[in-house]
Amino acid sequence: AVGETGRVYGFDQSPDMLARAFARADAAGWRNVSLLESPAQTLALPEPVDALLFHYTHDILRSPAAIDRLLAVARPGAAVAIAGIKYFPGWLAPLNLWVYCKNRGYNGAPGELASPWDRIAPRLTHWQWAPTQFGMGYLASGRVGDSGAGAG
């Protein structure tokens with residue numbers, strides 16, 4: 001969707017994950033992908049970005065410093081898309097122990113899954129979300145407001 005003239009920046013603090021991303025970008029022939037080894041809290045980009053994608057990045061969404069930094073690298077009005085896991089609602093709530101245990105092995109903040117977007121949502125305009133996976137997942141979107149703040 002970025003096209004040949006656009007640029008994609010990806011980052012991870014894990015050298016192993018970056019190696020996989022480099023290999024995938026190389027195999028696909030994506031020459032407009034720049035990958036950086038960095039934690040979200042200190043990410044530096046050469047230019048502001050038009051969109052942010054958070055794909056199962058619960059640890060980042062629970063870190064105010066990471067949210068501050070990522071919103072700071074985005075232009076006002078930048079699109080934000082989020083996909084992640086959350087606790088089951090209502091009658092499926094007894095399964096939440098399984099959700100917690102499933103996340104514990106690879107998630108630095110395996111709890112706080114009732115509304116994992118609650119730290120970023122108030123900072124975005126046009127916020128909306130919808131459940132997926134019988135309520136265990138969610139898709140959300142919004143836009144970066146001026147200075148990374150917004151309502152609505």
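About the cut-offs
Residues numbered from 1 in each chain as written. Predicted model: local features only at pLDDT ≥ 70, side-chain atom pairs only at ≥ 80, totals over all residues. Heavy atoms only, no water. Buried < 20%, exposed > 50% of the residue type's maximum accessible area, 1.4 Å probe, protein only. Helix = DSSP H or I, 4+ residues; strand = E, 2+ residues; numbered from the N terminus. Arc of directions from axis to C-beta. Contact = heavy atoms within 4.5 Å. Salt bridge = Lys/Arg side-chain N within 4 Å of Asp/Glu carboxyl O. Expected span 1.5 Å × (residues − 1). Polar contact = N/O pair within 3.5 Å; in protein donor to acceptor, adjacent residues only side chain to side chain.

A. Layout of helix 3 (residues 64–72). Within helix 3 the residues assigned to the buried category are Ala66, Ile67, Leu70 and Leu71. Down the axis of helix 3, the buried set is contained in an arc of 125°. They therefore lie on one face. Packing partners of the buried residues in helix 3 comprise strand 1 (8–12), strand 3 (49–55), helix 2 (58–61), strand 4 (74–85), strand 5 (124–132) and strand 6 (137–144).

B. Main features of the environment of Pro39. Looking at the secondary structure, you find Pro39 in the loop between strand 2 (33–37) and strand 3. Since its relative accessible area comes to 29%, Pro39 is described here as partly exposed. Residues in contact with Pro39, not counting those within four places in the same chain, are Phe11 and Gln13.

C. Local environment of the pattern of salt bridges. Applying the stated criterion across every chain yields a total of six salt bridges. For the salt bridge of Arg119 with Glu112, the shortest nitrogen-to-oxygen distance reads 3.9 Å. Here the residues in one salt-bridge network are Arg62, Glu112, Asp118 and Arg119, joined through shared partners.

D. Region of interest: helix 1 (residues 15–28). Its 14 residues give helix 1 an end-to-end C-alpha distance of 20 Å, which sits within 8% of 20 Å, the value for a rise of 1.5 Å per residue. Positive phi shows up at Gly29, right after helix 1, with a value of about 75°.

E. View of the environment of Glu47. On the secondary structure map, Glu47 appears in the loop between strand 2 and strand 3. Separated by 28 residues in the primary sequence, Glu47 and Arg75 place their C-alpha atoms 9.3 Å from one another. Not counting the four nearest positions on each side in its chain, Glu47 is found in contact with Arg7, Tyr9 and Val73. A polar side-chain atom of Glu47 sits 2.6 Å from a polar atom in the side chain of Tyr9.

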